[in-house]
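Structural characterization, general
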Amino acid sequence: MSNQTEKGGFWRSPLASSAIKSADVKMPEMLMGYLIGPFGALLSSGIFTSFLNKYFTDVLLLDTSFLSALQLVSTLLIVAANLIVGQLIERTKCLAGKARPWVLLSALTLSIASLLMFIVPFQSEMAKMVWIAIAYNLYYAVAYPIYNTANSTLVPVSTRNSQQRSTLASFTNIAGLGVMGVGSMIFPILVSNVMGNSQRMWFLVMLAIAIFSGLTIYLQYKFTRERVTEESMTSGNVEQNAAPPLGQQLKAVASEKWWWITILFYMDFQWAGAMKNGSMSYFCQWVVDATPLGGDWGVAQTLLSVMGAIPMAVAALFVVPLANKFGKRNLCFAGMVLGVVGGVIAGLGGSNIVPVAIGVALKCLGSSPACYLILAMLADVIDHIEFKSGIRTDGLTMSIYSSLMVASTPIMNAVFMAMLGSGYDAAATAQTAAVQSTITVSYIWVETIAFAVDALLVLFFTVEKNLPAEQAAIAERKKQE
């Protein structure tokens, strides 16, 4: 894959050639390449974030200590895999670009790996644990890093136009939020009313999702283009400039304060969100009072998800225009402050679903600028680093970004499982006050505190101020070369 540079060949075939020919980013590319494609690819992940723990504990009846250990140990493999994939992307040289070939590979690997955890052909407790350990790591430490690192890299290499990049980043994150919405709005009703604890039903549903993922990932590959990567190609030759050594890349990013600010901001934001998402179904089943909704916890979760999704959907129309006018930094700061206010309201609501729903809505509205703009913020930092050091660090930066994203779910799920401990009883009709308190802290207060920290961090993100002049200097440098 990394050396496919000859004339013609696979990458020039109708199957593999890009459908995007325009120099500017247009609507077909936005919709197919950065919305529908990522939505299908990330759909299983969105469901896993909300329900994989519940599937493990309630359907497969796996021990919480095993699940906590599995997810913590797997994190090491996940981080290593993302770093390796990032360097493979950086060294990929072909007509399709450096990230898109790996997106194409994911149409096969991600769809297959997402299904393996729902086959489990064993009854023995030990055999089930071994199978799940292997299947879990094939998904999170192999298939998902390949797709997610490549998908994240597409935004910074798609164009140098900062406003267009903000739009693409917004579309990509709308897709991510969309799958989270499916996992927290539609799936709860399926689980509570149709799938239940039937392993066969779980398998059939995930089989349909796997097929859908493979098809949409291929659409994403066809409807994307790497314009920044093409800058490095010599006329009449698809050979790219040699990727800088890893040590040089590490030195370039590690010496840049804005890179650290953005990475720490994203880590805090993403990991706290993973804790919230992983504990949501437990909160709706065991803490919130669903009596006004007929006592169905699945309906309660759907309601809270809708209350969060509506402001996020509305915000999608305004985030990019507001960011272009006021700046990404200022908009993200205002959003984090609003998120803290919403978190306090939800936390004080206790088990009363009305104040909890209002607080969740405000918190989600406040999180929307960070959700939609984080990839654009990283792309701006990557351009700034290129201006200073003369090298691109897309692969390294996006592999670290992807590591933080992928590792957030297993790490925070492991933390949540450890916090629940032996006090949680899936077969009980009610949980103890201590367990309910743990679930409430995990679902509401962890993210609320994280938003306050992120509000302070983003105040130091000022890379936008000189970015247009720096991009012009990069273009002039390339023209001279």
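This is a predicted model, so every value here is computed, not measured.

To continue, consider the overall build of the protein chain. A count of helical and extended segments in the protein chain gives 16 helices and zero strands. For 481 residues, the compact-globule estimate of 2.2 N^0.38 gives 23 Å, and the C-alpha radius of gyration of the protein chain, at 22 Å, lies within 12% of that figure. Once the C-alpha set of the protein chain is aligned to its principal axes, its extents read approximately 70 × 50 × 40 Å. Taking all 481 residues of the protein chain together, 58% fall into the buried category. The contacts of the protein chain with a sequence gap of at least 6 include a subset with a gap of at least 24, amounting to 84%. Counting 29 positive and 26 negative side-chain charges, the protein chain places the centres of these two groups 7 Å from one another.

Moving on: the packing of helix 13 (residues 353–389) against helix 15 (residues 433–458). As a packed pair, helix 13 and helix 15 sit with axes 12 Å apart at the nearest point and diverge in direction by 50°. Looking at the two axes, helix 13 sits oblique to helix 15. The way helix 13 lies across helix 15 gives a crossing that is left-handed. Residue-level contacts link Val-360, Lys-363, Ser-367 and Met-377 of helix 13 to Tyr-443, Ile-444, Glu-447, Thr-448, Phe-451 and Val-458 of helix 15. Tallied by class, the residues present in the contact of helix 13 with helix 15 amount to six nonpolar, two polar and two charged.

Counting 137 residues, the largest nonpolar core has Phe-56, Met-117 and Phe-283 as the members making the most contacts within it. The element contributing the most residues to this core is helix 13, with 17 residues. Apart from the residues within four sequence positions on either side, Met-117 is in contact with Phe-48, Leu-52, Tyr-55, Phe-56, Ile-132, Ala-135, Tyr-136 and Tyr-139.

When the pLDDT values of the protein chain are averaged, the result is 87; 95% of them are 70 or greater. Contacts for the low-pLDDT stretch residues 1–8, under 50 throughout, to residues beyond four places or in other chains number 21 contacts. Across residues 235–240, confidence stays below pLDDT 50; counting only partners more than four residues off in sequence or on other chains, it has 15 contacts.

The next thing to look at is the pattern of salt bridges. In the structure shown here, the tally under the stated rule is 17 salt bridges. Notably, a salt bridge pairs Lys-98 with Asp-394, separated by 3.4 Å at the nearest N-O pair. Pair noted here: Lys-98 is in the loop between helix 2 (64–90) and helix 3 (100–116) and Asp-394 is in helix 14 (residues 394–420), with a separation of 296 residues, a long-range link. Overall, Asp-394 belongs to the buried group, its relative accessible area being 0%. For Glu-464, the salt bridge is made with Lys-328, and the minimal N-O distance between the two is 3.7 Å. Taken together, the residues span a long stretch of sequence, with Glu-464 in the loop between helix 15 and helix 16 (467–480) and Lys-328 in helix 12 (residues 328–348) at a distance of 136 residues.

As a further point, take the packing of aromatic side chains. If you walk through the whole model with that rule in mind, you get 22 aromatic pairs. Ring centres 6.5 Å apart and planes at 35° place the aromatic pair Phe-51 and Trp-297 in the tilted group. With Phe-51 in helix 1 (residues 27–59) and Trp-297 in helix 10 (residues 297–315), this residue pair connects regions lying 246 residues apart in the sequence. Trp-297 matches Phe-51 in its accessibility class, with the two residues each being buried. The interplanar angle of 40° and the centroid separation of 5.7 Å between the aromatic rings of Tyr-139 and Tyr-144 together place this pair among those described as tilted. Residue Tyr-139 shares its accessibility class with Tyr-144, and that shared class is buried. Here the aromatic cluster, defined as three or more aromatic residues joined through ring pairs, consists of Phe-48, Tyr-55, Phe-56, Phe-118, Tyr-136, Tyr-139, Tyr-140, Tyr-144 and Trp-202. Across the ring face of Tyr-282, the terminal group of Lys-54 is positioned such that the distance to the ring centre comes to 5.2 Å. The lysine or arginine in question, Arg-100, covers the ring of Tyr-221, its NZ or CZ lying 4.2 Å from the ring centre.

Rules used in this analysis
Residues numbered from 1 in each chain as written. Predicted model: local features only at pLDDT ≥ 70, side-chain atom pairs only at ≥ 80, totals over all residues. Heavy atoms only, no water. Helix = DSSP H or I, 4+ residues; strand = E, 2+ residues; numbered from the N terminus. Rg over C-alpha atoms; globule rule 2.2 N^0.38 Å. Buried < 20%, exposed > 50% of the residue type's maximum accessible area, 1.4 Å probe, protein only. Contact = heavy atoms within 4.5 Å. Lys, Arg positive; Asp, Glu negative; His and termini not counted. Charge placed at Lys NZ, Arg CZ, Asp CG, Glu CD. Axes fitted to C-alpha atoms, helices over the stretch in contact; angles between N-to-C directions. Parallel < 35°, antiparallel > 145°, perpendicular 65-115°, else oblique. Left-handed = near helix turned anticlockwise from the far one by under 90°. Nonpolar A, V, L, I, M, F, W, Y, C, P; charged D, E, K, R; others polar. Core = buried A, V, L, I, M, F, W, Y, C linked by side-chain atoms within 4.5 Å. pLDDT = per-residue confidence, 0-100. Salt bridge = Lys/Arg side-chain N within 4 Å of Asp/Glu carboxyl O. Phe/Tyr/Trp six-rings, centres within 6.5 Å; stacked < 30°, edge-to-face > 60°. Lys NZ or Arg CZ within 6 Å of the ring centre and 35° of its normal.

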